[in-house]
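Observations on chain architecture
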Amino acid sequence: MRRISTLAAGLALAAGLAVAVPTAAPAIDPTKGYAGICTGADALSGVTVVVDFNELDGNGGTAAPTITRCSPNASPGTQRTGIKALQDAGIAVAGTSQWGLGFVCRLENRPSSTETIPRTSNPTYKEACVFTPPAEAYWGYWHADGAGSTWTYSSYGAANRNVTPGGFEGWSFSLNKTSTTNPAPGVTPTNPAVGPSNPTVGLSVNDLDRKINLGQTTSLTWTSTNATTVTAHAVSPASGGGTWTGTLTNPGGTASITPTAKGTYVYTVKATGTGGSVYSTATLTVQ
């Protein structure tokens, strides 16, 4: 999901709902992650995070060179969202007052609440991070599997998408661009460790808060690289979570899930290639 209409924000304001402005986020946490592309034991279990400030670099006299950091996974094989990957890399991330981290508003405190962002429709605009950032000035979210050299604009928000181990997570500030001209991060998303013998796989629940009511249907989306087969490996608990079994389309696809009982379910996907098998999980809560 690229953006959400600001209609809900307007309704909230009209209703007189109290909205608090987020406080400034701290700088990079050096105790988390490390600079550069993931290497060593993290090469195929971690994810590389790229933050490209674009027009924010030097805006207001504040230099902001592109950040590239490895976001290690403390529990390889377990799911991590794009938000968690940012946090594990030590990147300061702030959302909006209305939507929380459902919409990323600031990265490393940029844009700050005091800097002017020269939008075409509002040259003196300042981002308060209360409602959804405008389409003229926002952080675009991108991803790559590490096997190629191009970025893909994410169809889902970072709180709703699981990262691909060995891949890249990209953030690029888009100013006065369109849906077809918003810029991809200026770092080539290639991981030398992702070769023909090393499969990767990722799994995501296609629901913003990963929660549904009993009787509703949602879907799971998977992506893989260098896999000869991809399978719906398991769901835990084994009953109540709906049908999740058998061979899946390779390299990726989407399957509908209709749980039959309330609970929290963990779905596991398995990808097998010449270099072995890898797994990824996604969690869904049924209320």
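Here the structure is shown first, and the text comes after it.
Please read all numbers here as calculations on a predicted model, not as lab measurements.

1. What about the side chain of S112?
Turning to its location among the elements, S112 is positioned in the loop between β5 (100-107) and β6 (137-144). Excluding its chain neighbours within four sequence positions, the residues that come into contact with S112 are R106 and E127.

2. Considerations on the layout of surface pockets
The calculated volume of the largest pocket comes to roughly 400 Å³. Residue assignment for the lining of the largest pocket shows that the elements contributing at least two residues are β6, β9 (200-205) and β11 (218-225). Classifying every residue of the lining of the largest pocket by side-chain character gives seven nonpolar, 19 polar and two charged. The space that makes up the second largest pocket amounts to roughly 200 Å³. Forming the walls of the second largest pocket are 15 residues, and the residues nearest its centre are L44, P165, P199, V278 and Y279. Residue assignment for the lining of the second largest pocket shows that the elements contributing at least two residues are β9 and β16 (276-286).

3. Thoughts on the sheet that holds β11
Taking strand neighbours across the sheet as the criterion, the three strands line up as β9-β11-β14 in an open arrangement whose pairing is antiparallel. A strand with exactly one partner marks an edge of an open sheet, and here the two such strands are β9 and β14 (252-257). Taking the axes of each pair of neighbouring strands and ignoring which way they run, one obtains an average angle of 15° across the sheet. In this structure, β9 lies alongside β11, joined through six bridges in antiparallel fashion. Residue L203 lies in a different strand from β11, and its bridge partner there is W222.

4. Regarding the pattern of salt bridges
A full pass over the atoms with the stated rule returns six salt bridges. Across the pair R110 and E115 runs a salt bridge whose closest N-O atoms are separated by 2.7 Å. Several salt bridges converge on common partners, so that one network encompasses R80, K84 and D88.

5. Some remarks on empty space enclosed by the protein
Here the structure, examined in full by the defined rule, presents three cavities of 30 Å³ or more. Every residue along the wall of the second largest cavity is listed here: S45, N73, T78, Q79, R80, V163, T164, P165 and S280. Per-class residue counts for the lining of the second largest cavity are two nonpolar, six polar and one charged.

Analysis parameters
- Residues numbered from 1 in each chain as written.
- Predicted model: local features only at pLDDT ≥ 70, side-chain atom pairs only at ≥ 80, totals over all residues.
- Heavy atoms only, no water.
- Helix = DSSP H or I, 4+ residues; strand = E, 2+ residues; numbered from the N terminus.
- Contact = heavy atoms within 4.5 Å.
- 1 Å grid on protein atoms, 1.4 Å probe; cavity = no way out; pocket = protein on both sides within 12 Å on 5 of 7 lines; lining within 4 Å.
- Points joined across faces, edges and corners; volume = space filled by probe spheres on them.
- Nonpolar A, V, L, I, M, F, W, Y, C, P; charged D, E, K, R; others polar.
- Pairing = 2+ DSSP bridges.
- Axes fitted to C-alpha atoms, helices over the stretch in contact; angles between N-to-C directions.
- Salt bridge = Lys/Arg side-chain N within 4 Å of Asp/Glu carboxyl O.

Shape is all these values report; function is a separate question.
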